[in-house]
Each structure stands twice: as structure tokens, then as C-alpha cells.
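Given next are the chains, with one letter for each unit.
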Amino acid sequence: MKKKAPNKLKILNDPIYGFIQIPNSLIFDIIEHPYFQRLRRIAQMGFSNLVYPGANHTRFHHAIGCMHLMQKAVRVLRFKQVEISLEEENALCVAILLHDIGHGAFSHALEHSIVSEISHEEISLKFMKKLNEEFDGKLTLAIEIFEDKNPRKFLGQLISSQLDIDRLDYLKRDSFYTGVTEGNISSDRLIAMMNVKNDELVIEQKGIYSVENFLIARRLMYWQVYLHKTGLVAENILVNVLKRAKELAEKGVVLYASSALYYFLYKQISKDNFTDETLEMFAKLDDYDVFSAIKEWVNHDDKILSLLAKMIVDRKLLRIEIQQGEFKQGYINKKREKAIKKLNITEKEVGYFVFHQEISNQAYNLKTPIYILNKKGKLKDIAKASDQLNLQALTIPVVKNFICYPK
């Protein structure tokens, strides 16, 4: 009897978009691959669930949602007589599906802690090239679009620009899971208003208010969610936990760690020595490895590591102050002296508990404009086309400073 071929045209149920169809067997096989399945174990929003308890969604959710929106965008553009071949459509779906595959544990929080001098985009590219070998070169066009090397500019803009598919999904998704309604954008409306002019991805004039809403929503989500003070503290403590663990590992101190985490703690990995073996180990590392280690480190003999780990596990975080200008050195020194006495630590160790940084948010960047296509077929930058006075204000980066110290 002939063996029945597996049904690869599956349907997934997404809480935001409803049913999402997997378009073909190649995409199904990529989703099934261990590299991609790892994204189920990477939080989309790091430690934001310490502030918004519902924010437990993963990079897997986000990537699948992006693929769904990309299919919609292709349908809309084809309807408007923009030629997109089946090969290009497939490449766009693959590129957007894999755009975040290089994210490390806890997403952005650990980007430079586990591995130095290499961004998650560069690691994503390494994964894509490895998958391309496994899938006999079927990802070549997707990689070309991802690297923005394709002559058709708008294809790259769908993957990465100020109004790309990535942002259309994460704003709507993060807003849904956090319950912060200010970030709820109309991704359907924005996609319906997309067009291509002079090889640029543009928005038709009817969609101008949707773009305004999108930019304002993005700004609000940054201050209210992504740069929320509690999230900032937790992420920085997490970075310091790993910094301390690596420092101890360099001295030969024995630390509890999974094999994947052990590899990155006891080896100095940078861009120059990021081999295929490193990529395989990175593919095994996720939030579970990091958090299970932190739970164990609560009982470690090293006081600094133990204190920092306990802060995360018990959610007893450092205090944070945020202000417009820089903190005076005298004020920082006072906080350092107080912490040294309170925690009975040295001048060298206090940096783990008292630190200050700058944060900035620019909702709209004039260097890579969003173009509005008017009825006469002319293109105009949204900042000039809009009658919203505050859109001009969104082009100015807002810079704030924060300091963390023990309560």
C-alpha cells in the first residue's frame, strides 16, 4: 500500500488574526525545523510580564503573525497591479518568518551579554544561510531580500523599514497581550492602503490617518511598555547576573548551567570566532536555560550573584529614578556609598547594584521616510503631508536618564 504523504498545508489559530494558513510545504518544513521551534521558548518581550502579567507571548507567535500579514500585503499589492512573482512571494514569507530567528534568550536583554560584538540580525543571517544549505538553496532569494540586496527596493522595505510587516505585527500583538490599548493599530487598514511607486513602498493618501495613529501608537508603546521603568530595571539586573556569572566563570568558579549556557559562560564568543559549532549551541540556548540557572544561582556562594538572582526570582528589584537631564555625579556617589554600607560590598562590586544609563525614543526617523502617495501620483513625506502638528515633534529623539540603586 502506498504511504500517504503528510498534510503540510496546516492551519494555525491565532488569537489576533484567527486562522492562519501555512502556504506551502517549504514553509511548513521551516516552521517544523528545530531552529524555528526554539522561538517557542524565547519571550517576545523579555521581562515585560513582571509589569504586564499577560505578556507571555513568544517570538514564535510573532513570526507566524508576520508571515500571515505578509501574505495579505502581497495580495493587496497584486490587486493594485504590482507584479510579484510566486518565487518573490515565497521569499518574502520565508524572510519575514526568519527575521527574528537569531534572537537570544529573553530577546533584547541578552543581546550583548552571551555573545559580544554581534547583533541578532547577524545571527539570523547565519541561521538563514545554514537553513539554505539544508533546503538546497531554496532560501537564496529570501536571504537576498533580507540583506536588502534585491534590486526591487520595496521587497526589502516590507521586511525592514519604518512601516514594515514586523512593526505591524509586534505593535498589535504586544498591545493585545499587555492590554495596553494605546498600541492597538489597524494593521489591516495600513496593509490595504499599501502601494508601490518608483519601486518604493508607499501608503495611499486615504491611509494618512492610519499612519499617524501607527506612529503615535509606537511612541506610546515605547514609553509605556518597552521602556517601562520596571522592565528596564529587570532587564539590567538580568544583564548584570550574566556579567557576574561570566566573570566568575573566567576565574574557574563552578556554576550550575545547562550544556548550552555553560558553553557561552566558559568561552569568550565574539563575531570573529562564531563558528558553525557556536551556531548549533546558540540554537540550543533559550529562556529556560537562563531562568533555571538563575533559580539555582540564588543559593550560590558568591554574594553578588546570589543577590542579583534573588532579585529576579522574587521580583524584589532595585529602585529606579528617571529624569530628563543627567544625574549629578555627587548624587550617584551618594547612592554608591549607601549601597556599599547596606549590602556590605566593595567599591568594585557596587557597579552591579548602582548604575545609570541613557534611554532614547524616536518615533519617526526622517532619514528613511514613510511616503504618502497623493491623488496626483506625487510622493510626500508623512511629516510634511500630515496636518498633525505633533508628527514633526515625533522626529525629535526624546532622551531620558535613569539611575538604579538598592531600596
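Whatever comes next refers back to the structure up there.
K.L.:
What is the right way to look at the layout of surface pockets in this model?
P.N.:
Its boundaries defined by the atoms lining it, the second largest pocket holds a volume of some 200 Å³. Lining of the second largest pocket is provided by 16 residues; of these, Ala43, Asn49, Asn56, Phe106 and Asp287 occupy positions nearest its centre. Looking at the lining of the second largest pocket residue by residue, the classes come out as eight nonpolar, five polar and three charged.

K.L.:
Would you explain the packing of helix H11 (residues 229-250) against helix H15 (residues 303-314) in this entry?
P.N.:
Any two packed helices are characterised by how steeply their axes cross, that is the angle between the axes, and by the distance between the axes. Running from N to C, H11 and H15 cross one another at 150 degrees; their axes reach a closest spacing of 9 Å. For the element pair H11 / H15, the angle class is roughly antiparallel. H11 and H15 meet at a crossing whose hand is left-handed. Of H15, the residues touching H11 (which contributes Ala234, Ile237, Leu238, Asn240, Val241, Arg244, Ala245 and Leu248) are Ile304, Leu305, Leu308, Ala309, Met311 and Ile312. Residues belonging to the contact of H11 with H15 are distributed by class as follows: 12 nonpolar, one polar and one charged.

K.L.:
Is there a simple way to think about a positive patch on the surface in this case?
P.N.:
Side chains of Lys229, Arg315, Lys316, Arg319, Lys338, Lys342 and Lys407 sit close together on the surface and give a patch of like positive charge. Examined against the element boundaries, Lys407 turns out to sit in the segment after strand E9 (398-405). Looking at Lys407, the relative accessible area reads 54%, which means it is exposed.

K.L.:
What's the story with empty space enclosed by the protein in this structure? I'm lost.
P.N.:
Any empty space left between atoms is shown by rolling a water-sized probe over those atoms. On inspection of all chains with the given rule, the structure shows one cavity of 30 Å³ or more. Looking at the largest cavity, its volume works out to about 100 Å³. Lining the largest cavity are 14 residues, with Gly104, Leu110, Glu111, Ile123 and Phe282 positioned closest to its centre. Classifying every residue of the lining of the largest cavity gives eight nonpolar, five polar and one charged.

K.L.:
What's the story with the side chain of Lys172 in this structure? I'm lost.
P.N.:
Among the structural elements, Lys172 can be located in helix H8 (residues 165-178). Asp188 provides the closest opposite charge to the buried, salt-bridge-free Lys172, at an N-O distance of 7.0 Å. At 3.1 Å, the side chain of Lys172 forms a polar contact with the side chain of Asn184. Filtering out sequence-adjacent residues up to four positions away, Lys172 remains in contact with Ile16, Tyr17, Gly183, Asn184, Ile185 and Ser187.

K.L.:
Before we go on, may I ask you to explain the nonpolar core in this structure?
P.N.:
Side chains of nonpolar character tend, in soluble globular proteins, to be buried together. One finds Phe36, Leu158, Ile165, Leu168, Met194, Leu238 and Trp297 to be the most contacted residues of the largest nonpolar core, which totals 147 residues. Among the elements that take part in this core, helix H3 (residues 59-79) stands out by supplying 11 residues, more than any other. Those residues within four positions of Phe36 in sequence are excluded, and the remaining contacts are Ile30, Ile31, Phe60, Ala63, Ile64, Leu97, Leu98 and Ile101.

K.L.:
I'm lost on helix H4 (residues 86-97) in this one. Help?
P.N.:
Because each turn of an α-helix spans 3.6 residues, side chains separated by three or four positions end up pointing in the same direction. End to end, H4 covers 16 Å across 12 residues, agreeing with the expected 16 Å (1.5 Å per residue, within 8%). Taking burial as the measure, the 12 residues of H4 include nine buried ones, the bulk of the element. If you check which residues of H4 are buried, you get Glu88, Glu89, Ala91, Leu92, Cys93, Val94, Ala95, Ile96 and Leu97.

K.L.:
Help me understand the packing of aromatic side chains, please; the structure alone is not making it clear to me.
P.N.:
For any two aromatic rings, the description comes down to two numbers: the centre-to-centre distance and the angle of the planes. For the structure on display, the rule yields 12 aromatic pairs. Seen in terms of ring centroids, Tyr170 and Tyr226 are 6.0 Å apart; in terms of plane orientation they differ by 80 degrees. Their pairing is edge-to-face. With a gap of 56 residues between them, Tyr170 in helix H8 and Tyr226 in helix H10 (residues 208-226) connect regions that are remote in the sequence. Every member of this aromatic cluster is reached through a ring pair, and the members are Tyr35, Phe127, Tyr263, Phe264, Phe274 and Phe282. For the cation-ring pair, Arg40 lies above Phe60, with the distance from its terminal atom to the ring centre recorded as 3.9 Å. If you follow Lys335 out to its NZ or CZ, it ends over the ring of Tyr405, 4.1 Å from the centre.

Scoring rules and cut-offs
Residues numbered from 1 in each chain as written. Predicted model: local features only at pLDDT ≥ 70, side-chain atom pairs only at ≥ 80, totals over all residues. Heavy atoms only, no water. 1 Å grid on protein atoms, 1.4 Å probe; cavity = no way out; pocket = protein on both sides within 12 Å on 5 of 7 lines; lining within 4 Å. Points joined across faces, edges and corners; volume = space filled by probe spheres on them. Nonpolar A, V, L, I, M, F, W, Y, C, P; charged D, E, K, R; others polar. Axes fitted to C-alpha atoms, helices over the stretch in contact; angles between N-to-C directions. Helix = DSSP H or I, 4+ residues; strand = E, 2+ residues; numbered from the N terminus. Parallel < 35°, antiparallel > 145°, perpendicular 65-115°, else oblique. Left-handed = near helix turned anticlockwise from the far one by under 90°. Contact = heavy atoms within 4.5 Å. Patch = residues over 30% accessible without salt bridge, like charges linked within 9 Å, V, L, I, M, F, W, Y side chains within 5 Å. Areas by Shrake-Rupley, 256 points an atom, 1.4 Å probe, with all protein chains shown as cover. Salt bridge = Lys/Arg side-chain N within 4 Å of Asp/Glu carboxyl O. Lys, Arg positive; Asp, Glu negative; His and termini not counted. Charge placed at Lys NZ, Arg CZ, Asp CG, Glu CD. Buried < 20%, exposed > 50% of the residue type's maximum accessible area, 1.4 Å probe, protein only. Polar contact = N/O pair within 3.5 Å; in protein donor to acceptor, adjacent residues only side chain to side chain. Core = buried A, V, L, I, M, F, W, Y, C linked by side-chain atoms within 4.5 Å. Expected span 1.5 Å × (residues − 1). Phe/Tyr/Trp six-rings, centres within 6.5 Å; stacked < 30°, edge-to-face > 60°. Lys NZ or Arg CZ within 6 Å of the ring centre and 35° of its normal.

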